[in-house]
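Structural description and commentary
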Amino acid sequence: MKKLFTNSSQIVTCNTNGKNYKRGKELSELEVLENHSIFCENGIIMDIVPNYSASKIIFDEKINLSGKVVLPGLIDCHTHTAFAGSRANEFKEKIAGVHYEEIANRGGGINTTVTAVRNSTFTDLVELMKPRIEEFIAQGVTTLEIKSGYGLDFENEIKLLHAIKIINEIFPIDIVSTFLGAHTFPLEFKDNHLGYVNLIIDKMIPHIAKNNLGEFCDGFCESTAFTSIEIDKIFGAAAKVGLKLKLHTEQFNNTGGLDVALKHNATSVDHLEVLDEKDLLKFLDFETVAVLLPGVSLFLDYQFAPARKLIENNAIVALATDYNPGSSHILNLHLIMSLAAIKMKMKIEEIINAVTINAAKALNREHNIGSIELGKKADFAVFNTNDYADIVYNVGRNLLSHTIKDGEIIFQKKLGI
């Protein structure tokens, strides 16, 4: 099927000239085309041409996007969408001044959700995720990462990963599955950390790799979770069976996680709210993406990651929601984009690159998605505005008109809604 997407006010290509990510100063560079059309065939971008020459193209369908802005499909590269239960009571405690780590230390936090997941059936989990995925799609998200991490035993981690796999089959967007068995220690292993690490290494990882249930292996390196030594062991085992690596690190404390992640050439390191200034230069020699999660800082009311310093030190920076029930109950990537501007002083151009091409890089998909370049997938987020700045300027609002995946319109906002 040959399709022509035409008459948009702006096409924000996030063009990389084949590099497929943006580092440092490059983050502020956006290629913005006016009076152009995008020609796609079988879901692949074949050409981008001035409107005056579009009449020469032979197509099967013409989609008129007059008065709209076209971006690459948005990518949320860090979420915990697979969960059950509510942590509203803990949210009330946090508002009253109880720290996240205090709640975790007494068996709450992640383990509250673990109990809810263990009490949920496979079907329950799939049904809980469906409206969440629909909400992401309605924001222009065409690729979404989802982690396990709320089962914390063999049976329930596998149950979560199977549920994520089914969700990927149900919905037209790409769902990227990440194994996060090393999220925290379940209560039954509270005094036997080595036993749980061995369970992950000896049983969970081999099964996940053999059955293709996860593309990435993630971990939480923190004083209330896993040490850098434990993460090093888990990453070594995961890499040996072909899983790619991600790491939650430098969120509340500096515990050596960043060095372990870089040692293993992790695809991304996520959080970095308390990144030490002396570690900024460590990103120079790596293509590891710094994924920043401003929703957590808002939700927990603590410091934001040093986005400006990372960019000034030539890092590859991406943004994500970290949507989860405990520390960032925010299913709104547009709010995250506005927070990045207001609280982390990122430029609008940097933000757009951070939720498109660099988010693709954080999921090892930068060669196929993340920018509007020839040969890439025809994944677009189309907005009801004639200026891309409005997308970030309208704080927390959803200006989306169409979500287009592989050249197909999978969501269209109804007029008057």
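The structure under discussion appears in the preceding block.
Residues numbered from 1 in each chain as written. Predicted model: local features only at pLDDT ≥ 70, side-chain atom pairs only at ≥ 80, totals over all residues. Heavy atoms only, no water.

Observations regarding the packing of helix α5 (residues 122-137) against helix α6 (residues 154-170)
Put simply, the test is: Angles here are taken between N-to-C directions and fall from 0 to 180 degrees, while the axes themselves are lines fitted to C-alpha atoms, restricted in helices to the stretch in contact. To qualify as a helix, a DSSP run of H or I must reach at least 4 residues; to qualify as a strand, a run of E must reach at least 2; elements of each kind are numbered from the N terminus. Roughly parallel refers to an angle under 35 degrees, roughly antiparallel to one over 145, roughly perpendicular to one between 65 and 115, and oblique to any angle outside these ranges. Left-handed is the label given to a crossing in which the near helix is rotated counterclockwise from the far helix by less than a right angle, and right-handed is the label when the rotation is clockwise. Only heavy atoms matter for contacts: two residues are in contact if any of them lie within 4.5 Å across the pair. Only Asp, Glu, Lys and Arg are considered charged, only Ala, Val, Leu, Ile, Met, Phe, Trp, Tyr, Cys and Pro nonpolar, and every remaining residue, Gly among them, polar.
The contact between α5 and α6 brings their axes to 9 Å, and the two run at 45 degrees. In terms of axis orientation, α5 runs oblique to α6. Here α5 and α6 pass one another in a crossing that is right-handed. Of α6, the residues touching α5 (which contributes Phe122, Leu125, Val126, Met129, Lys130 and Ile133) are Lys159, Leu160, His162, Ala163, Ile164, Ile166, Ile167 and Ile170. Of the residues contributing to the contact of α5 with α6, the split by class is 11 nonpolar, 1 polar and 2 charged.

Regarding the packing of aromatic side chains
In plain terms, the rule: Any two of the Phe, Tyr and Trp rings considered here, Trp counted by its six-membered ring, make a pair once their centres fall within 6.5 Å; the pair's planes then place it as stacked at under 30 degrees, edge-to-face at over 60, or tilted in between. Remark: a charge is flagged as sitting over a ring if the NZ atom of Lys or the CZ atom of Arg is within 6 Å of the ring centre and within 35 degrees of the ring normal.
Summed over the entire model, instances satisfying the criterion amount to 9 aromatic pairs. Through successive ring pairs, a cluster of aromatic residues spans Phe185, Phe189, Tyr196 and Phe226. Directly above the ring of Phe216 sits Lys244, whose terminal nitrogen or CZ lies 5.5 Å from the centroid.

Some points on the layout of surface pockets
Applicable threshold: Lining residues are those with an atom within 4 Å of a point, where the points come from a 1 Å grid over the protein atoms alone and group into cavities, where a 1.4 Å probe fits but cannot get out, or pockets, open sets with protein on both sides within 12 Å along at least five of seven lines. Grid points are joined across faces, edges and corners, and a volume is the space filled by probe spheres set on the points.
Approximately 290 Å³ is the volume found for the largest pocket. As for the largest pocket, its lining consists of 16 residues, and the residues nearest its centre are Ala104, Asn111, Thr184, Phe185 and Thr224. Of all the secondary structure elements, the ones that give two or more residues to the lining of the largest pocket are α3 (100-105) and α4 (110-118). It is α3 that provides the largest number of residues to the lining of the largest pocket, a total of 3 residues. Of the residues contributing to the lining of the largest pocket, the split by class is 7 nonpolar, 8 polar and 1 charged. Only α6 and β10 (174-182) provide two or more residues apiece to the lining of the second largest pocket. At 5 residues, α6 tops the list of elements feeding residues into the lining of the second largest pocket. Partitioning the lining of the second largest pocket into residue classes produces 5 nonpolar, 4 polar and 5 charged.

Re the pattern of salt bridges
Rule in force here: For this document, the term salt bridge refers to a Lys or Arg side-chain nitrogen within 4 Å of an Asp or Glu carboxyl oxygen.
Summed over the entire model, instances satisfying the criterion amount to 25 salt bridges. Where Arg118 meets Glu188, a salt bridge forms, and the shortest distance between an N and an O atom there is 2.9 Å. Here Arg118 is found in helix α4, whereas its partner Glu188 is found in the loop between β10 and α7 (193-210), with 70 residues between them in sequence. Among the ionic contacts, a cluster of salt bridges with common partners joins Asp174, Lys377, Asp379 and Lys405.

Notes on the sheet that holds strand β4 (residues 36-41)
The test is simple: Any two strands with at least two DSSP-identified bridges between them are counted as paired.
Taking strand neighbours across the sheet as the criterion, the 4 strands line up as β5-β4-β1-β6 in an open arrangement whose pairing is mixed. Taken across any chain shown, the strands that pair with only one partner, and hence form the sheet edges, are β5 (44-50) and β6 (61-64). Here the average twist between neighbouring strands, direction ignored, is 20 degrees. With 4 bridges connecting them, strand β1 (residues 2-6) and β6 associate as parallel partners. Looking at the pairing, Thr6 lines up with Asn64 of β6.

A word on the nonpolar core
Rules: Within this scheme, the nonpolar core is defined by two criteria: the residues are buried Ala, Val, Leu, Ile, Met, Phe, Trp, Tyr or Cys, and they are joined through side-chain atoms within 4.5 Å. Working definition: with a 1.4 Å probe on protein chains only, accessible area under 20% of the residue-type maximum means buried, over 50% means exposed, and in between means partly exposed.
Phe226, Ile234, Leu292, Leu310, Leu319 and Met346 are the most contacted members of the largest nonpolar core, which has 121 residues in total. Broken down by element, this core gets its largest block of residues, 7 residues, from α7. With near-sequence residues (within four places) excluded, Leu310 lies in contact with Leu272, Leu275, Leu280, Phe283, Ala290, Leu292, Ala315 and Val317. Residues Cys40, Ile48, Leu65 and Val382 belong to the second largest nonpolar core, which totals 15 residues.

Topic: the pairing of β1
Most of β1 sits inside the fold, with 4 of its 5 residues counted as buried. The pairing of β1 with β4 spans 4 bridges and is antiparallel. Bridge assignment links Lys3 to a residue of β4, and that residue is Cys40.

Concerning empty space enclosed by the protein
Throughout the structure, instances matching the rule amount to 1 cavity of 30 Å³ or more. Here the largest cavity defines a volume of roughly 120 Å³. Lining the largest cavity are 14 residues, and of these Tyr100, Ile110, His183, Asn324 and Ser327 sit closest to its centre. Residues of the lining of the largest cavity, tallied by class, amount to 4 nonpolar, 8 polar and 2 charged.

Looking at the side chain of His271
What counts, and what does not: N or O atoms within 3.5 Å of each other form a polar contact, as long as, within protein, one can give a hydrogen and the other can take it, and as long as residues adjacent in sequence are counted only when both atoms are side-chain atoms.
Looking at the element boundaries, His271 is found in strand β13 (residues 268-271). The buried category is assigned to His271, whose relative accessible area is 1%. Of the polar contacts made by the side chain of His271, one reaches the side chain of Gln251; its length is 3.4 Å. Setting aside anything within four residues of it in sequence, one finds His271 in contact with His248, Thr249, Gln251, Val291, Leu292, Leu293, Val296, Ala305 and Asp322.

Side note on α7
Turn by turn, an α-helix covers 3.6 residues, leaving residues three or four places apart pointing in a common direction. Just so we agree on the cut-off: For a helix, the expected span equals 1.5 Å multiplied by the number of residues minus one. We define the bend at each residue as the angle formed by axes fitted to the 7 residues ending at it and the 7 residues starting at it.
When the terminal C-alpha atoms of α7 are compared, their 25 Å separation across 18 residues agrees well with the 26 Å that a helix rising 1.5 Å per residue should span. Considering bend angle alone, the principal kink of α7 is centred on Met204 and spans about 35 degrees; proline Pro206 follows within four residues of it. Buried residues of α7: Tyr196, Val197, Ile200, Ile201, Met204, Ile205 and Ile208, and no others. In this structure, the buried residues of α7 make contact with α6, β10, β11 (216-219) and α8 (228-240). In the stretch just after α7, Asn212 is the one whose phi turns positive, near 55 degrees.

Observations concerning helix α12 (residues 333-344)
The end-to-end C-alpha separation of α12 is 15 Å, in line with the 16 Å expected for 12 residues at 1.5 Å each. When α12 is considered as a whole, its buried residues turn out to be Leu333, His334, Ile336, Met337, Ser338, Leu339, Ala340 and Met344. Capping the start of α12 is the job of one residue whose side-chain oxygen sits 3.0 Å from the backbone nitrogen of His334: Asn332. A positive phi of about 60 degrees marks Lys345, the residue just after α12.

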